[in-house]
Amino acid sequence: MALNRVGELAEKVGAAKTGFHQKDFLLTWNHSVDELKAVLQAAEALEELYKNNISSRVFSGGIAVSNFRDQSTRTRFSFASASALLGLALQELDEGKSQIAHGETVRETANMISFLAEAIGIRDDIFLGEGDKYMSEVSAAVDEGFRQGVLPQRPAVINLQSDHDHPTQSMADLMHLQQTFGSLENLKGKKIAMTWAYSPSYGKPLSVPQGIITLMTRFGMNVALAHPEGYDLVPETLKIAEKHARESGGSFTRTYSMEEAFKDADIVYPKSWAPFKVMEERTRLLRSGENDKLKSLEKEALANNAKFKNWECTENLMKPTKAGKALYMHCLPADITGVSCKEGEVAASVFESYRLATYREAGHKPFVIAAMILMTRFEKPGHVLKQLLDRNAPRRGV
Amino acid sequence: MALNRVGELAEKVGAAKTGFHQKDFLLTWNHSVDELKAVLQAAEALEELYKNNISSRVFSGGIAVSNFRDQSTRTRFSFASASALLGLALQELDEGKSQIAHGETVRETANMISFLAEAIGIRDDIFLGEGDKYMSEVSAAVDEGFRQGVLPQRPAVINLQSDHDHPTQSMADLMHLQQTFGSLENLKGKKIAMTWAYSPSYGKPLSVPQGIITLMTRFGMNVALAHPEGYDLVPETLKIAEKHARESGGSFTRTYSMEEAFKDADIVYPKSWAPFKVMEERTRLLRSGENDKLKSLEKEALANNAKFKNWECTENLMKPTKAGKALYMHCLPADITGVSCKEGEVAASVFESYRLATYREAGHKPFVIAAMILMTRFEKPGHVLKQLLDRNAPRRGV
Amino acid sequence: MALNRVGELAEKVGAAKTGFHQKDFLLTWNHSVDELKAVLQAAEALEELYKNNISSRVFSGGIAVSNFRDQSTRTRFSFASASALLGLALQELDEGKSQIAHGETVRETANMISFLAEAIGIRDDIFLGEGDKYMSEVSAAVDEGFRQGVLPQRPAVINLQSDHDHPTQSMADLMHLQQTFGSLENLKGKKIAMTWAYSPSYGKPLSVPQGIITLMTRFGMNVALAHPEGYDLVPETLKIAEKHARESGGSFTRTYSMEEAFKDADIVYPKSWAPFKVMEERTRLLRSGENDKLKSLEKEALANNAKFKNWECTENLMKPTKAGKALYMHCLPADITGVSCKEGEVAASVFESYRLATYREAGHKPFVIAAMILMTRFEKPGHVLKQLLDRNAPRRGV
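In this report, we go over the structure that sits alongside the text. (Residues numbered from 1 in each chain as written. Chains lettered and ligands numbered in written order. Predicted model: local features only at pLDDT ≥ 70, side-chain atom pairs only at ≥ 80, totals over all residues. Heavy atoms only, no water.)

With an RMSD of 0.0 Å, the operation that places chain A on chain C is a rotation of 120° combined with a shift of 0.0 Å along the axis. The symmetry that links the two subunits is that of a three-fold axis. For chain A, the minimum C-alpha distance to the rotation axis belongs to alanine 89 of chain A and amounts to 4.4 Å. A share of only 3% of interface residues in chain A that are also interface residues in chain C marks the association as one of differing surfaces. (Least-squares fit on C-alpha atoms with pLDDT ≥ 70 in both. Contact = heavy atoms within 4.5 Å.)

Structure, rendered in structure tokens:
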């Protein structure tokens, strides 16, 4: 039964019109809805194969490269797991954090690490505006390398979080919604509140809320963005969300009230982030090495955060959501009041009710990443999924 | 012939009454003698398969996670080798040394790293009382995760050294004894002297001597523990050793004299450790961050150690052992007088006589770890071993 | 057609008289020309298999160990890629940079990491005279371990750069020349200028120029070494180059003029290095920890370098080379004037013309390393290559 489902998914992936082959996965808004659906289908197929103890090894003798320019445990393990699932050996590129390489250095390094690479996963979200630029440079470099016969194959660059988007997170979130509400179709007309929440820390990236508002608006959802005044996201992503909402028949609204966003919401996603303007200033100061001003900025930002401690996802706030029981989402780790901090993004009782659900949400990420690699590295990924089903090699066993 | 032996071992493992499946390997004393024997049999089978160039790959697309909260080279490589042997990709979790996470953080992280994990190897022996507690928390977390459908499989937690036990070491040691003396049966009535020895360093963990006295007493051996006054082990482990000796018909004695312990010993295991009380105080000071007092403690402890420089395994001391040639054991690296330090645990000439034997002793560790993973991750590990033998896939070759 | 070529190469490798089995690859001059040719043939066969999407997995359940005692990205990824290509899991040994272990420590560690190891790749080029000595110690240790039954197999030690030689680089360079000029035969009588070039940094190892002059002289090439007065290489390597030139019918000349070396050259290899005497003094000061003197030495050395800024590979300098278009080579990264530094080894326009060629040059390295492992770990590597061709298992695909 579950395996019939894999067969169906393989056919859908095979029938989908996609232009992934020999490309990257960088920003969800650069891919068609059909392409995104195909990634979800491939991810589900890989999950089902895994659960049915069928190996998804499709590589024998290649490497996956990860480049984490910012700390990471969850995404690091997701990428490592995806690599292992497909049979790629992982090799981490550690450039040192302080270095922002460009030009010939990036071009050369991208080729030097890619002679046997099938995928390059990059997290780069410290400097606003840098992450996406860097990923594009790596992409252009391996493109040239492949075209010019330097590289025997063209590795796919996978965005593991940039300053603009966090596609492996938002796609895993979408998969979670799909499974929770039964189908992508069922998400039409559902309200999701993507809201800021208080955190005692500072400088959290904008890529999660930006990833959510730009992605969920494509599937006919009513996306309500809420944050205190001044906590703006990168303007470009707001415009994309608006455009997506118009195209899909969903909506995109903004408010300065958490209560308003939560009202009748089917889903809530309360999560802290730093104001766009603060991130811009921080980027400028990090670059110029003005450490004193950086400290002042942090102090100011934290003081400003502290004005909005009431932006906490409490039982009371959950009441006006749909039937009082909206689905709570978080990319983890959450700042849980009284658990991981004194005052945070979410009340302990709310978090505990949805704790296992947030774990399941995260559990899709390795398969989403593996699906992205599969879609970009194979001309006929649907056929490959069918072959895996037919090969029926044990994932665990002899 | 060697392969007949694998067939026999596979049958024995298959016939053994064990309750390993979907569980962990944390402390030897929480496992039955039958279970421990089955681990040794599986380890021997894996060794024989390896030597006969037969692949033991039983996983395709899973990961093994290692978490070393203390420095390690030997055990790190043993765990990496065991993972590779079985076909698991290794991913290290590096939390930073200073952090002692508990509660939700442990619970969440344990799940986040485990979506495709089959084994989690943990070394945690810096803070007395913390290591075993932490491993139990991780175990409970993945247990819940698996039960609740968060994890598609339940990774086994493998204790790679805690403050109470060092089961991969003691089981490898037992395997070494089994091979040296011909069988487990032959170990009955043999005397093993587990003794303290002088070292110019301080703060060495107690888990090796504790692992030895609690394990060897289960196999009818006469275990003589010797150390200077004050160099006590964790009291609980002494009680376990006493109980095991009573049950197995062996004995467990304690003395403050290295000579007495060595007398008529078939095996000697001279090895430095820190007094239990010192470790307790050290744990307290590390936690409170009292660095000045830590330095005083170290100074005192070293000064105290220096009173017992005569606790060195010399040729003279070896003379009264059985036929003057007891088997010398060590978990390595040993503090060798005139070689790795000015004055140490063992005289250079004694060590040199047994050097290759200690290397062989260590060589069992990767296979012991692999056996622990095999026993915990497969319902019918004996059947799996038989299948490996029948598959007869080359470990090296095409 | 390409696969016919693999068949031919496999036969050649099979027919070659080589003594690699159960040995290491440390210095090219300790291997016969036949052995070096066989490595090149095996590397080419592996490249062709790779390009034709045929898996070269020959191990199932072993590890490769890397030990980088100096920073590395390119060689690190080459070794990781070679390991993945052959099916070995990589495990890095990180000893800490300051430590120069010898004697029992090396002997023991070499065995402890090797219970399941098939290859140990070592880079050690910081202390003049130390790297090769260390590699020999590791080699002797695993040799003893294998002979004495400690290790079930004998890992090959692969020199990933020592103070005397850089064989994986020079062999990849030779493969690049072979492909550029059509055959090894065609290299006879060709002139290669191995010259010093200005760099704003200091302390670059001597192993690349030494590797080039000792290797290229074996294939009948006319090797012209050029550097400013005082920038001598290790004397022993000069003697080896002279001997090789006599034996092969090539030549080895030295000059203090870049122009002279470049005249009529078919190939130029302009690259910075530190004078042998400076490296000797630096080694002495690093050992004695005389940091003030180290700083003075660096200052002096940089000041001395600065006298030779005209040692830059410019368009003008390229004109008198053969037909004005000698092949430019570099081991990368190059110090490119106006790109990676203000004044460097090579003019931007020259580098850009050969940029992709230098990338291709580097691209052979993973396959050269894999070939070295194949030759040392298999009794009949030619037969193994033939089997890979016949097995025809997909490298990417199901």
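Attention now goes to the sheet that holds strand β1 (residues 63-68) of chain B. Residues and elements named next belong to chain B. Taken together, the four strands give an open sheet; going across it, the order is β2-β1-β3-β4, and neighbouring strands pair in parallel fashion. On the outer flanks of this sheet lie β2 (89-92) and β4 (156-162), each paired with one strand and no other. In this sheet, neighbouring strand axes are inclined to one another by 20° on average, regardless of whether the strands run parallel or antiparallel. Here β1 runs beside strand β3 (residues 117-124); their pairing, made up of six bridges, is parallel. Paired with isoleucine 63 across the two strands is alanine 117, which belongs to β3. Relative to β4, helix α14 (residues 365-377) is tilted by about 150°, and along the sheet it contacts β3 and β4. (Pairing = 2+ DSSP bridges. Helix = DSSP H or I, 4+ residues; strand = E, 2+ residues; numbered from the N terminus. Axes fitted to C-alpha atoms, helices over the stretch in contact; angles between N-to-C directions.)

Taken residue by residue, the interface counts 33 residues in chain A and 33 residues in chain C. One salt bridge connects arginine 355 of chain C with glutamate 144 of chain A, and the closest N-O pair in it is separated by 2.6 Å. Across the contact surface, chain A and chain C share 12 residue pairs in polar contact (both at pLDDT 80 or more). Every element with two or more residues in the side of chain A that touches chain C is listed here: β1 (63-68), β2 (89-92), α4 (104-112) and α15 (381-391) of chain A. Per-element tally for the side of chain A that touches chain C: the top contributor is α4 of chain A, with six residues. When its residues are assigned to classes, the side of chain A that touches chain C shows 15 nonpolar, 10 polar and eight charged. (Salt bridge = Lys/Arg side-chain N within 4 Å of Asp/Glu carboxyl O. Polar contact = N/O pair within 3.5 Å; in protein donor to acceptor, adjacent residues only side chain to side chain. Nonpolar A, V, L, I, M, F, W, Y, C, P; charged D, E, K, R; others polar.)

Another point: the pattern of salt bridges. Applying the stated criterion across every chain yields a total of 78 salt bridges over all chains. Where aspartate 264 of chain C meets lysine 263 of chain C, a salt bridge forms, and the shortest distance between an N and an O atom there is 3.3 Å. When its relative accessible area of 39% is taken as the criterion, aspartate 264 of chain C is described as partly exposed. The structure contains a network of salt bridges with shared partners spanning Arg107 and Glu144 of chain A together with Glu352 and Arg355 of chain C. (Buried < 20%, exposed > 50% of the residue type's maximum accessible area, 1.4 Å probe, protein only.)

By the secondary structure assignment, serine 72 of chain A is in the loop between β1 and α3 (74-86). Put simply, serine 72 of chain A and leucine 160 of chain A are 88 residues apart on the chain and 10.0 Å apart in space, counted from C-alpha to C-alpha.

Residue and element names in this part refer to chain C. The strand order β7-β6-β5-β8-β9 describes an open sheet built from five strands, whose pairing is parallel. Among the strands making up the open sheet, the edge pair consists of β7 (251-255) and β9 (327-328). Pairing analysis gives two bridges linking strand β8 (residues 267-270) to β9, with the strands arranged parallel. Bridging across to β9, valine 268 finds its partner in tyrosine 328.

The next subject is the relation of the copies chain B and chain A. The operation relating the two chain copies consists of a rotation about an axis and a shift along that axis. For the pair chain B and chain A, the relating rotation is 120°, the translation along its axis is 0.0 Å, and the fit reaches an RMSD of 0.0 Å. When the interface residues of chain B are mapped onto chain A, a mere 3% of them again lie at the interface, so each copy presents a different face.

Residues and elements named next belong to chain C. Along the chain, glutamine 210 falls in helix α7 (residues 207-216). By relative accessible area, which is 0% here, glutamine 210 ends up buried. Among the polar contacts made by the side chain of glutamine 210, one reaches the main-chain carbonyl oxygen of histidine 164 at a distance of 3.0 Å.

Below, the discussion takes up helix α7 (residues 207-216) of chain A. Counting buried positions along α7 of chain A yields 10 of 10 residues, so the element is predominantly enclosed. Every buried residue of α7 of chain A is listed here: Ser207, Val208, Pro209, Gln210, Gly211, Ile212, Ile213, Thr214, Leu215 and Met216 of chain A.

Residues and elements named next belong to chain C. Axis separation between helix α2 (residues 33-51) and helix α14 (residues 365-377) bottoms out at 8 Å; the angle between their running directions is 115°. In the packing of α2 onto α14, the handedness of the crossing is right-handed. In this structure, α2 uses Ala38, Val39, Ala42, Ala43, Leu46, Glu47 and Tyr50 to contact α14, whose residues at the interface are Phe367, Val368, Ala370, Ala371, Met372 and Met375. Residues of the contact of α2 with α14, tallied by class, amount to 12 nonpolar, no polar and one charged. (Left-handed = near helix turned anticlockwise from the far one by under 90°.)

Quick look at unusual backbone geometry now. Look at the link from leucine 332 of chain A to proline 333 of chain A: it is a cis peptide, with omega at -5°. Its place among the elements puts proline 333 of chain A in the loop between β9 (327-328) and α13 (348-363). A positive phi is found at asparagine 53 of chain A, a non-glycine position, where the angle reads about 60°. Among the structural elements, asparagine 53 of chain A can be located in the loop between α2 (33-51) and β1. Here asparagine 53 of chain A falls in the partly exposed class, since its relative accessible area comes to 26%. Phi at aspartate 264 of chain C takes a positive value of approximately 65°, unusual for a residue other than glycine. Structurally, aspartate 264 of chain C can be placed in the loop between α9 (258-262) and β8.

Next up on the list: the layout of surface pockets. All names here are of chain A. The calculated volume of the second largest pocket comes to roughly 380 Å³. Forming the walls of the second largest pocket are 19 residues, and the residues nearest its centre are Lys37, Gln178, Ser183, Leu184 and Glu185. Taken together, the elements giving at least two residues each to the lining of the second largest pocket come down to α1 (2-15), α2 and α6 (167-181). When grouped by side-chain class, the residues that make up the lining of the second largest pocket number five nonpolar, seven polar and seven charged. (1 Å grid on protein atoms, 1.4 Å probe; cavity = no way out; pocket = protein on both sides within 12 Å on 5 of 7 lines; lining within 4 Å. Points joined across faces, edges and corners; volume = space filled by probe spheres on them.)

On to the packing of helix α13 (residues 348-363) of chain B against helix α4 (residues 104-112) of chain C. Packing of α13 of chain B against α4 of chain C leaves a shortest axis separation of 10 Å and a crossing angle of 25°. For the element pair α13 of chain B / α4 of chain C, the angle class is roughly parallel. Judged by the twist between their axes, the crossing of α13 of chain B over α4 of chain C is right-handed. Contacts from Phe351, Glu352, Arg355, Tyr359 and Ala362 of chain B of α13 of chain B reach α4 of chain C at Glu104, Arg107, Glu108, Asn111 and Met112 of chain C. (Parallel < 35°, antiparallel > 145°, perpendicular 65-115°, else oblique.)

Residue and element names in this part refer to chain C. Bridge analysis of strand β6 (residues 222-226) against β7 gives five bridges, and the strand direction is parallel. Bridged to alanine 226 within β7 is threonine 255. Where the polypeptide runs from β6 across helix α8 (residues 235-248) and back to β7, its parallel neighbour, the crossover connection is right-handed. (Right-handed = clockwise from strand over helix to strand, strands pointing away.)

On to helix α13 (residues 348-363) of chain C. Given 3.6 residues to a turn, an α-helix orients residues that are three or four positions apart in the same direction. All names here are of chain C. For α13, with 16 residues, the first-to-last C-alpha span of 22 Å sits near the 22 Å given by 1.5 Å per residue. By the largest-angle criterion, tyrosine 354 marks the main kink of α13, which is about 55°. Along α13, the positions that sit buried rather than exposed are Val350, Phe351, Tyr354, Arg355, Leu356, Ala357, Thr358, Tyr359, Glu361, Ala362 and Gly363. (Expected span 1.5 Å × (residues − 1). Bend = angle between axes of the 7 residues up to and from the residue.)

All names here are of chain B. Judged from the four bridges that link them, β1 and β2 form a sheet pairing that is parallel. Paired with serine 66 across the bridge in β2 is glutamate 92. Between the parallel elements β1 and β2, the chain passes through helix α3 (residues 74-86) in a crossover that is right-handed.

To continue, consider the interface of chain B and chain A. Note: interface size is frequently given as the accessible area lost on complex formation between the parts. Taken residue by residue, the interface counts 33 residues in chain B and 33 residues in chain A. In total, chain B and chain A occlude about 2800 Å² of area from one another, counting both sides; carbon and sulfur atoms represent 61% of this. Across the contact surface, chain B and chain A share five salt bridges. Close ionic contact of glutamate 352 of chain A with arginine 107 of chain B constitutes a salt bridge, the shortest N to O distance being 3.4 Å. Applying the counting criterion to the chain B and chain A interface returns 12 residue pairs in polar contact (both at pLDDT 80 or more). For the side of chain B that touches chain A, the secondary structure elements donating two or more residues are β1, β2, α4 (104-112) and α15 (381-391) of chain B. Of all the elements, α4 of chain B adds the most residues to the side of chain B that touches chain A, at six residues. For the side of chain B that touches chain A, the per-class residue count stands at 15 nonpolar, 10 polar and eight charged. (Buried area = accessible area lost by both parts, 1.4 Å probe.)

The next subject is the environment of lysine 319 of chain B. Relative to the elements of secondary structure, lysine 319 of chain B occurs in the loop between α12 (315-318) and β9 (327-328). Sequence separation of lysine 319 of chain B and leucine 388 of chain B is 69 residues, and the distance between their C-alpha atoms is 46 Å.

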